[in-house]
Amino acid sequence: MLGIISYTPNKKYLNRCVLNYASKRKGVLIMNPSIEEIKRRLIQAGASPQAVESLEPEFFEDLTEDMDFEGTARVINFIDYLENFENYKRKRVNITLAVPVYEVLKHIASKIVDADGRPYPVSYLIEDIIVWVLKDPDRFVQFVEETYPEEDNDESEETHSEIEEQA
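Starting from 1, residues in each chain are numbered consecutively following that chain's sequence as written. Restriction of local features to residues with pLDDT of at least 70 applies here, the model being predicted, together with a cutoff of 80 or more for giving and counting side-chain atom pairs; totals for whole chains, interfaces and linings are based on all residues. As a convention, hydrogens and water are excluded, and side-chain values are obtained from all of the structure's heavy atoms.

1. Re the overall build of the protein chain
(1) Moving on: Each helix and strand counted, the protein chain has eight helices and zero strands in total.
(2) Moving on: What you see in the protein chain, going N to C, is helices and strands ordered as α-α-α-α-α-α-α-α.
(3) Moving on: The rule is simple: take the accessible area with a 1.4 Å probe, protein chains only, and divide by the maximum for that residue type; under 20% is buried, over 50% is exposed, in between is partly exposed. Within the span of the protein chain, comprising 167 residues, buried residues form 15% of the whole.
(4) Moving on: Every residue pair with non-hydrogen atoms within 4.5 Å of one another is taken to be in contact. Of the contacts formed within the protein chain by residues at least 6 apart in sequence, a portion of 50% connects residues at least 24 apart.
(5) Moving on: In the structure as shown, the protein chain presents an accessible area of about 14,500 Å², 55% of it carried by carbon and sulfur atoms. For helices the rule is a DSSP run of H or I covering at least 4 residues; for strands it is a run of E covering at least 2, with both sets numbered from the N terminus onward. With residues, only the protein chains shown are counted as cover, and all accessible areas are computed by Shrake-Rupley using a 1.4 Å probe.

2. Details of the packing of aromatic side chains
(1) Moving on: For this analysis, a ring pair means two rings from Phe, Tyr or Trp (six-membered ring only for Trp) whose centres lie within 6.5 Å, classed as stacked if their planes differ by under 30 degrees, edge-to-face if by over 60, and tilted for the remaining angles. Applying the stated criterion across every chain, the model contains six aromatic pairs.
(2) Moving on: With a centroid separation of 5.3 Å and an interplanar angle of 85°, the aromatic rings of Phe59 and Phe60 are classed as edge-to-face.
(3) Moving on: What makes Phe59 partly exposed here is its relative accessible area of 29%.
(4) Moving on: Aromatic ring contacts, followed pair by pair, group Phe78, Tyr81 and Tyr88 into a single cluster.
(5) Moving on: The rule for a charge over a ring is simple: NZ of Lys or CZ of Arg within 6 Å of the ring centre, and within 35 degrees of the ring normal. Of note, Arg90 hangs over the ring of Tyr124, and the distance from its end group to the ring centre comes to 3.9 Å.
(6) Moving on: A cation sits over an aromatic face here: Arg139 above Trp132, 3.6 Å from the ring centre.

3. Digging into the pattern of salt bridges
(1) Moving on: Any carboxyl oxygen of Asp or Glu that lies within 4 Å of a side-chain nitrogen of Lys or Arg is treated as forming a salt bridge with it. This structure, assessed with the given rule, holds eight salt bridges.
(2) Moving on: Asp116 is paired through a salt bridge with Arg118; the nearest N and O atoms lie 3.1 Å apart.
(3) Moving on: Counted as one network, the salt bridges with shared partners bring together Glu36, Lys39 and Glu53.

4. Looking at the confidence of the model for the protein chain
(1) Moving on: Of all residues in the protein chain, 72% attain a pLDDT of 70 or more, and the chain-wide mean is 79.
(2) Moving on: Per-residue confidence from the predictor is reported as pLDDT, a score between 0 and 100. Within the protein chain, no element has a lower average pLDDT than helix α8 (residues 153-166), which sits at 49, and none a higher one than helix α5 (residues 99-110), at 96.

5. A closer look at the packing of helix α4 (residues 69-83) against helix α6 (residues 122-134)
(1) Moving on: Orientation is described by lines fitted to C-alpha atoms, with helices fitted over the stretch in contact, and by angles between N-to-C directions that extend from 0 to 180 degrees. It is the contact of α4 with α6, at a shortest axis distance of 12 Å, that shows an interaxial angle of 115°. Handedness of the crossing formed by α4 with α6: left-handed. Where α4 approaches α6, its residues Phe78, Tyr81 and Leu82 are matched on the opposing element by Glu127, Val131 and Leu134.
(2) Moving on: Residue type decides the class: Asp, Glu, Lys and Arg count as charged, Ala, Val, Leu, Ile, Met, Phe, Trp, Tyr, Cys and Pro as nonpolar, and the leftover types, Gly among them, as polar. When grouped by side-chain class, the residues that make up the contact of α4 with α6 number five nonpolar, no polar and one charged. Helix crossings are classified by the rotation of the near helix relative to the far one: an anticlockwise turn of less than a right angle makes the crossing left-handed, while a clockwise turn makes it right-handed.

6. Focus on a nonpolar patch on the surface
(1) Moving on: Like-charged residues are merged into a patch within 9 Å and nonpolar side chains (Val, Leu, Ile, Met, Phe, Trp, Tyr) within 5 Å, provided each residue has over 30% relative accessible area and no salt bridge. A surface patch of nonpolar side chains, amounting to about 540 Å² of accessible area, comprises Ile130, Leu134, Phe140, Val141, Phe143 and Tyr148.
(2) Moving on: Those elements that place two or more of their residues in the nonpolar patch are α6 and α7 (137-147).
(3) Moving on: Sort the elements by how many residues they give to the nonpolar patch and α7 lands first, with three residues.
(4) Moving on: Residue placement: Ile130 occurs in helix α6.

This is the structure in structure tokens:
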């Protein structure tokens, strides 16, 4: 039996349109079940079900079933937070800061007022700074590279050789 193979390009299509097309042509519709499996595993890993369902189909194109689901779930929840931050409750977290760091943050926060004219809490300022760094991938990479520089492997090998020669 001869047949025609049709496919849809990598664009967003409504499922009902694709189903209607396959039905009219008496075709078989083959869907990628791995997307539903990936969604299920993301939700199991802690991603908000609403956030997962709101993702564009293109998001799933490069994902694999052996990816870091917990890390990806955290990123999905963070993106959802950025888009819906007013719906999120804060969690009390105890951190320690060097006194000069706290003092400068306290000074900066004292110059800021919230929408109701009240002094801006230092904890909100810290959260704002963290979110500002995390929401831009290039900015985050710059932060990591400048704050935690990788050791140059050639340099460490030379140092290791020098130590061996001295011994």
